[in-house]
Amino acid sequence: MEDVPDPEPTRGHQVLDVRLAGVNYADVHVRGNTYLAPVELPYIPGNEVVGTTEDGKRVVALTQGGGYAQKVAVHRRLQWEIPDEVTDEQAVPLALQGNSAYHLLFMVAQITKGQTVVIPAAAGGVGSLAVQLAHQAGARVIALAGTDEKRRLALELGAAAAVDSSDEDGLTERILDAAGGPVHAALEMTGGKTLRQTLDAVGPRGRLAVYGFAGGELADIPVHTLLQKSVTVSGFWLPRLYADRTLPLAASMRQLFDAVAHGTLKVVTGGTYPLADAAEAHRVLNSRTGMGKFSLDTTT
């Protein structure tokens, strides 16, 4: 940790006093310089925060870096006032992970009631929210997770079946067995062999929504499979919606806040660390041993 000058807000931005900073796997990519956007040093990680405005409003906001700090400048269009019924800990994952889960399911994968969808890392930040959102939409969820504890959590959150994803070999067959056949849609964030195994479980005219490569290995998409089964593969990166003036994020945030406030969407908390212990939070996140949302308390 070190002292740096307070951020200077540019046009359309304002400075927040940060209370909690969300920790995401994108931050691990930033640290290793494998992120989707160029990283110029020095750099302060952190893409989602809960903070307060100058007039005392409690908001959750999206940033493009800078969140691991006591103050951050955010665009006014990328912050949302938190309802009184929602706590800081419940709000912190909604801006990035909640919006990602929502738009992956309904904008990219286009799941509808009665369809079967595969959700990876089902006990993680995005995955645990996606399992619940898909289940509440009437979809049948096949959850992927690497431990018994994580698979039990996915079932508690609404998954119809939970599949062991710790071994890539035979993953396609395990998904097909759990689903009773090919699935309508799948989310994918590991890359490499896992992506190809997941793709093979998607049925004709199905959809695969790719939102990461946490395994560190990119995958070549087999074109003959896409053509033969007429499968659609789409990439998704939430920052592409930041400048969208049709306000898709505002609409999804309202639904996410309402679901949390009414108790139909549970935020799984993986732990809150002091800001000085950001490295430990990254170690636990990268080890894949934790579950749910990790955050940093910038006030301690």
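Here, the structure is the one placed above.
Sequence order as written defines residue numbering, which begins from 1 separately in each chain. Local features in a predicted model are, by the rule used here, given only for residues with pLDDT of at least 70; side-chain atom pairs are given and counted only at 80 or more, and totals for whole chains, interfaces and linings are based on all residues. The basis for every side-chain value is the complete set of heavy atoms in the structure, and neither hydrogens nor water enter the calculation.

Chemist: Quick rundown of the packing of helix H6 (residues 171-179) against helix H7 (residues 192-200)? Include the residues and the values.
Modeler: Look at H6 against H7: their axes get within 8 Å of each other, and the N-to-C directions meet at 35°. The interaxial crossing formed by H6 with H7 has right-handed handedness. When H6 is examined against H7, the residues Leu 171, Thr 172 and Glu 173 are found in contact with a partner set consisting of Thr 194, Gln 197, Thr 198 and Asp 200. Classes in brief: Ala, Val, Leu, Ile, Met, Phe, Trp, Tyr, Cys and Pro nonpolar; Asp, Glu, Lys and Arg charged; the others, Gly included, polar. Grouping the constituent residues of the contact of H6 with H7 by class yields one nonpolar, four polar and two charged. In this description, a line fitted to the C-alpha atoms serves as the axis of each element, helices being fitted only across the stretch in contact, and the angle between N-to-C directions of two axes falls anywhere from 0 to 180 degrees. Under the scheme used here, helices are H or I runs from DSSP no shorter than 4 residues and strands are E runs no shorter than 2 residues, and both carry numbers assigned from the N terminus. For any helix crossing, the convention is left-handed if the near helix is rotated counterclockwise from the far helix by under a right angle, and right-handed if that rotation is clockwise. Working rule for contacts: check all heavy atoms of both residues, and any pair within 4.5 Å makes them a contact.

Chemist: Kindly report on the packing of aromatic side chains, identifying the contributing residues and their values.
Modeler: Under the pairing criterion, centres of Phe, Tyr and Trp rings, with the six-membered ring standing for Trp, must be within 6.5 Å; the plane angle then separates stacked pairs below 30 degrees from edge-to-face pairs above 60, leaving the rest tilted. Counted under the stated rule, the structure contains two aromatic pairs. The interplanar angle of 35° and the centroid separation of 6.3 Å between the aromatic rings of Tyr 273 and Phe 294 together place this pair among those described as tilted. Of this pair, Tyr 273 sits in strand E12 (residues 269-274) while Phe 294 sits in strand E13 (residues 293-297), and the two are 21 residues apart along the sequence. Here the two residues Tyr 273 and Phe 294 agree in accessibility, since each one is buried. Buried means the residue's accessible area, taken with a 1.4 Å probe over protein chains only, is under 20% of the maximum for its type, while exposed means over 50%, and partly exposed covers the values in between.

Chemist: I'd like to hear about helix H3 (residues 94-108), residue by residue, with values.
Modeler: Given the number of residues in a helix, its expected span is that number minus one, multiplied by 1.5 Å. For H3, with 15 residues, the first-to-last C-alpha span of 18 Å runs short of the 21 Å given by 1.5 Å per residue. Most of H3 is tucked away, with 13 of its 15 residues classed as buried. In the stretch just after H3, Gln 110 is the one whose phi turns positive, near 55°.

Chemist: Quick one: what's the story with the sheet that holds strand E8 (residues 161-164), residue by residue and with numbers?
Modeler: Spatially, E8-E7-E6-E9-E10-E11 is the arrangement adopted by the six strands of the open sheet, whose pairing is parallel. The open sheet is flanked by E8 and strand E11 (232-235), the only strands paired with a single partner. For this sheet, the mean angle separating the axes of adjacent strands, direction not counted, is 20°. Here strand E7 (residues 140-145) pairs with E8 via four bridges, running parallel. Note that in E8 the partner of Ala 143 across the bridge is Ala 162. Across the sheet, H6 touches strand E6 (116-119), E7, E8 and strand E9 (183-188), and the angle it forms with E8 is around 165°. Between any two strands, pairing holds if DSSP finds at least two bridges.

Chemist: Which residues make up the nonpolar core, and what values do they have?
Modeler: Side-chain atoms within 4.5 Å are what join buried Ala, Val, Leu, Ile, Met, Phe, Trp, Tyr and Cys residues into a set we call a nonpolar core. In this structure, Val 60, Leu 62, Trp 80, Leu 105, Val 117 and Ile 119 are the most contacted members of the largest nonpolar core, which totals 54 residues. Where this core is concerned, the elements lending two or more residues are strand E3 (58-62), H3, E6, helix H4 (125-136), E7, helix H5 (148-156), E9 and helix H9 (248-261). The dominant element in this core, judged by the number of residues it contributes, is H3, at eight residues. In this structure, Leu 16, Tyr 68, Val 72 and Val 74 belong to the second largest nonpolar core, which totals 22 residues.

Chemist: Give me the environment of Val 30: which residues, what numbers.
Modeler: Along the chain, the position of Val 30 falls in helix H1 (residues 25-31). The buried category is assigned to Val 30, whose relative accessible area is 7%. Residues Val 30 and Gly 46, 16 residues apart in the sequence, show an inter-C-alpha distance of 9.5 Å. Residues within four places of Val 30 in sequence aside, it is in contact with Tyr 35, Val 39 and Tyr 43.

Everything listed here is a matter of coordinates, which is why it stays silent on function.
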